Amino acid sequence: MRFAFENMKLQTKTNIGIIAIFLLLGISAGFMTFKWQNDYAIKAAENRVRLYIRAGWEIYNSKIERIQATLKVLAEDRRLQRVLVDRANGELKDEVLHELQAIRLDQNMDILNVLDASGRVILRTRHPESSSDGIGDDPMLRKVFSEKKACGGTVLLDERRLQAEGQDLVELCRRYGGEAVGMMTAAAVPVHRDGRVIGVIQMGNLLNGSVEKVDRIRNSLFENEQYGGKPVGTATVFMRDRRISTNVLGQDGTRAIGTRASDEVAERVLRRGLSWTGRALVVNAWYLSQYDPIRDPDGRVIGMLYIGSLEKRYLDQRSRAIFLNLAVVFGGMVLAMAVFYLLMRTILSPIRRLHLATRRLSQGDLDHRIVVRSQDEIGELSQSFNQMAQQLREDQQEIQQSHDQVERRNEELRIINRNYMEMLGFVSHELKSPLGAAVLGVYSIKDGYLGPVSDTQQRILTSVAQSLDYLNEMVKHYLDLSRLEKGELKVNRRMVNLNQEIIAPSLQGLMPSLEDKGMSIENRVPDNVLLCCDPHLMRIVFENLLSNAIKYGRNEGTIQIETGQAKSGTDTGETVLSVMNEGDGIAPDKLNLLFQKFSRIDHPKHAGKKGTGLGLYICREIIEQHGGKISGESEEGRWTKFTLSLPTLGTRT
Amino acid sequence: MIKTKAKILVVDDDVQHVDTVKTLLESVGYSVDYAYLPEKAIEKAKGAPPDLILLDVMFAGPPGPDGVATSRRIHADPELQKIPVIILSGVRKVLDLPFRLEPDDEWMPVKAFLEKPIKPDKLLAEIQKALGK
């Protein structure tokens, strides 16, 4: 993995880096956004519900205040006051009763009663014939009588009290509350005359089955909106734990009047008198809800006011907000990434150009230059690269020029040498014909073919013959040298029998001089030795080696020719041949000089023995062209030995 | 020394060489005729067939057939093909040949290939061998 990363291109590396960084940033930003939105949405929703319920209370209480205001105006009415003082005036009483009845209907109220100072009902607008005049234990009236001032709020009405107002109300409460108890928003105001309380006037509205109040709350808060088929918000009034006034719809699509709140809510709100806020499953949807206790003027909890706001709306809002936030975050990230990528590209592209240019340079394209587009470090680097390439180009040109010069000079030398060698070959060749005639002529006389020869004549003829032999040797060597130097002598290898095809023919021309010196040849080469070589070239080698051995060998001495495998013993890849003669030998420090061109060793004992100084050089050239080696060794005063080793390319039987 | 006078035709463009060879061969009892050019030699051989032809390889003058080509012509001629041919030349066998291969009898139908300079002993021995004596 590490190696894979190291092997990546810079662009890839930075790309991966950018992606990694932005991925991390994105994930953390996304997480934070999500968390923040989530927390915020829930808190915001709860705050909203608190506001809603406060607004709900305002609406709830404003109704009560309106009743109270109406009653305060009525309490100032002179005729009502006279009815309370003068009980006997039945005519006036009926007149006021009718007026009050009209007011009750106009205000859409359920009850409107006038009580005297003792608490007895003297005018009951809803049911004037009612025999019962008791008001039971009404905490609101108690408060008005005891404190002598107006009071508004919510009270419970027991069955007797309902009965007094009419059997229909008992039925109503039974239908919308399950029992003969009613819950009423009402107000009561004392009637004063001359600083004395002469009566109380009370007006109220039963909540059981009435939806006017809750619908007003809902409409002003939620405008009766629907969301996904569900009402956005609902309001309910509970009598104790039972819904008596609600716009929550039940499974059947009608108002869920008569159903009960959960035990958890009832426990907290009704028993302990605290608010309950939270998620509540209302019929079939989750609502963020608040339940507040409703108290009577004595402070006893008699019911609950509920406001619910559809949770799905908040959740969807939250999802939308989260989605939007994430979209912004990720969009920004992608944008930043793109900008960063382009930036890196801009930075890296000159580096890539530099890289390509370096590669081209290393492949030998010295003319390639980089277009410098910036003045920054990379621009400077590019400039340096161009200077370097320019320098290299110039150096290379210089080297090429001097190389060309050397080549030309060498070629000139080669041509000169070749011309010289051609001339040498030509001259030598031209010498052959006259030399041929001279040799044949001189030897014919000397050998007595043309008649008897005197001793003095013989001596001169012998001397001339020797000079001619030397001249002949010279011509031969120069021709060989010319052939070698012109590169005409290519090795044409074939398997040859060493004795038959090389040694015997080489010896043939040498037999007379061998006999002259009384020397003998000891050829220890077995008849079956085969050699892979050019027989004509190898014959030149042996002619030279043997003629040297005769020339520098001791009179009556022996020349030994031997063969053997390589001494090194590493393999059988070499055939070793040696020619040894007895004689004065050669100083060891001069042995190597022998193989140089035109080398002649000055030795007193060799005086008068003329050599061309080419024989061993020619031998070495030929042997080396065969891939072999030639060397000399000697013991001064005793013997000289030349050894050549040739790679065995064929078989030796 | 030689009972029946064998007749030898010497073909060479070197006048001194022809003289020397002629003198030597005549002194040992051969009858010698000569020619300086191959065409002339073939003409002479047809007129009076020799027992042996001693032939040089390189000839001066305008390019004509060399000694080797001449030996082939002699061999191909029904009148002359029985006459043995010896080449005696300054050319070194094989090394100076254009393609550096050991020539076969068909390409160079000669009894011997001798190299100048040559000593009388060797020359006479080769001639006797070629004459089958």
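Residues numbered from 1 in each chain as written. Chains lettered and ligands numbered in written order. Predicted model: local features only at pLDDT ≥ 70, side-chain atom pairs only at ≥ 80, totals over all residues. Heavy atoms only, no water.

What am I meant to see in the overall build of chain A here?
What chain A contains, in helices and strands, is 17 helices and 19 strands. Among the 653 residues that make up chain A, the fraction classed as buried is 43%. Within chain A, residue pairs in contact and separated by at least 24 positions form 66% of the contacts whose partners lie at least 6 positions apart. (Helix = DSSP H or I, 4+ residues; strand = E, 2+ residues; numbered from the N terminus. Buried < 20%, exposed > 50% of the residue type's maximum accessible area, 1.4 Å probe, protein only. Contact = heavy atoms within 4.5 Å.)

Looking at this structure, I do not really get the sheet that holds strand E8 (residues 233-239) of chain A. What am I missing?
The strands making up a sheet associate through hydrogen bonds between their backbones, and the pairing can be parallel or antiparallel. All names here are of chain A. With antiparallel pairing, the five strands of this open sheet are ordered in space as E9-E8-E12-E11-E10. The sheet is open, and its two edges are formed by strand E9 (242-246) and strand E10 (276-282), each paired on a single side. Taken pair by pair, the neighbouring strands of this sheet meet at an average axis angle of 35 degrees, ignoring direction. Two elements, E8 and strand E12 (residues 301-310), share seven bridges in a ladder whose sense is antiparallel. Bridge pairing links Thr 234 to Gly 308 in E12. The strands touched by helix H10 (residues 311-362) are E10, strand E11 (285-295) and E12; relative to E12, the strand with the most contacts, the crossing angle is about 35 degrees. (Pairing = 2+ DSSP bridges. Axes fitted to C-alpha atoms, helices over the stretch in contact; angles between N-to-C directions.)

It is not clear to me how the interface of chain A and chain B should be interpreted in this structure. Could you clarify?
Interfaces are often sized by the accessible area lost when the parts come together. Tallying the contact residues gives 30 residues for chain A and 28 residues for chain B. Between chain A and chain B the total buried area reaches about 2,400 Å² when both faces are included, carbon and sulfur atoms providing 56% of it. Our count for the contact surface shared by chain A and chain B stands at two salt bridges. Elements with a minimum of two residues in the side of chain A that touches chain B: helix H11 (377-446), helix H12 (455-485) and helix H15 (535-552) of chain A. Examining the composition of the side of chain A that touches chain B, we find that twelve residues originate from one element, H11(A), more than from any other. Class assignment for the residues of the side of chain A that touches chain B results in eleven nonpolar, nine polar and ten charged. (Buried area = accessible area lost by both parts, 1.4 Å probe. Salt bridge = Lys/Arg side-chain N within 4 Å of Asp/Glu carboxyl O. Nonpolar A, V, L, I, M, F, W, Y, C, P; charged D, E, K, R; others polar.)

What is the right way to look at the side chain of Asp534(A) in this model?
Along the chain, Asp534(A) falls in the loop between strand E15 (530-533) and H15. A polar atom in the side chain of Asp534(A) sits 3.1 Å from the backbone nitrogen of His536(A). (Polar contact = N/O pair within 3.5 Å; in protein donor to acceptor, adjacent residues only side chain to side chain.)

Sorry, what's going on with the sheet that holds strand E1 (residues 7-11) of chain B here?
All names here are of chain B. Overall, parallel pairing links the five strands, which are arranged E2-E1-E3-E4-E5 in an open sheet. Each end of this open sheet is capped by a strand with a single partner; those strands are strand E2 (31-35) and strand E5 (112-115). The sheet shows a mean angle of 20 degrees between the axes of neighbouring strands, taken without regard to direction.

How should the nonpolar core be read in this particular structure?
As a rule of thumb, nonpolar side chains are buried together in soluble globular proteins. Residues and elements named next belong to chain A. Core analysis: the biggest nonpolar cluster contains 46 residues, and Leu 498, Met 538, Phe 542 and Leu 545 have the highest contact counts within it. If you tally residues by element for this core, the top one is H15, at nine residues. Membership of the second largest hydrophobic core comes to 26 residues, among which are Tyr 52, Ile 244, Leu 288 and Tyr 314. (Core = buried A, V, L, I, M, F, W, Y, C linked by side-chain atoms within 4.5 Å.)

In this structure, what is going on with the environment of Leu9(B)? I would like to understand it.
Residue and element names in this part refer to chain B. Structurally, Leu 9 can be placed in strand E1. Accessibility expressed as a relative area gives 2% for Leu 9, which makes it buried. Each C-alpha atom, one on Leu 9 and one on Asp 33, is 4.8 Å from the other, the two residues being 24 residues apart in sequence. Excluding residues that lie within four positions of it along the chain, Leu 9 makes contacts with Asp 33, Tyr 34, Ala 35, Ala 41, Ala 45, Pro 50, Leu 52, Ile 53 and Leu 54.

What is the right way to look at the pattern of salt bridges in this model?
Side-chain pairs of opposite charge can arise whenever the charged atoms involved come near each other. Enumeration over the complete set of coordinates arrives at 43 salt bridges over all chains. Taking the shortest distance from any N to any O, the salt bridge between Lys312(A) and Asp316(A) comes out at 3.2 Å. Of this pair, Lys312(A) and Asp316(A) both sit in helix H10, separated by four residues, roughly a single helical turn. Residue class for Lys312(A) comes out partly exposed when judged on its relative accessible area of 45%. Measuring nitrogen to oxygen at the nearest pair gives 3.7 Å for the salt bridge that ties Lys122(B) to Glu126(B). With Lys122(B) and Glu126(B) both in helix H4 (residues 120-131) and four residues apart, this pair spans about one turn of that helix. When salt bridges that share partners are traced, they join Lys63(A), Glu212(A) and Arg216(A) into one network.

Is there a simple way to explain the packing of helix H2 (residues 10-75) of chain A against helix H8 (residues 212-222) of chain A in this structure?
Each pair of packed helices gets described by two things: the angle between the helix axes and the distance between those axes. Residues and elements named next belong to chain A. Contact geometry for H2 and H8: axes closest at 10 Å, N-to-C directions at 135 degrees. With respect to H8, the element H2 is oriented oblique. Relative to H8, H2 is oriented so that their crossing is right-handed. Contacts between H2 and H8 involve Tyr 52, Ala 55, Gly 56, Ile 59, Tyr 60, Ser 62, Lys 63 and Arg 66 on the former and, on the latter, Glu 212, Lys 213, Arg 216, Ile 217, Ser 220, Leu 221 and Phe 222. Along the lines of polarity and charge, the residues of the contact of H2 with H8 split into seven nonpolar, three polar and five charged. (Parallel < 35°, antiparallel > 145°, perpendicular 65-115°, else oblique. Left-handed = near helix turned anticlockwise from the far one by under 90°.)

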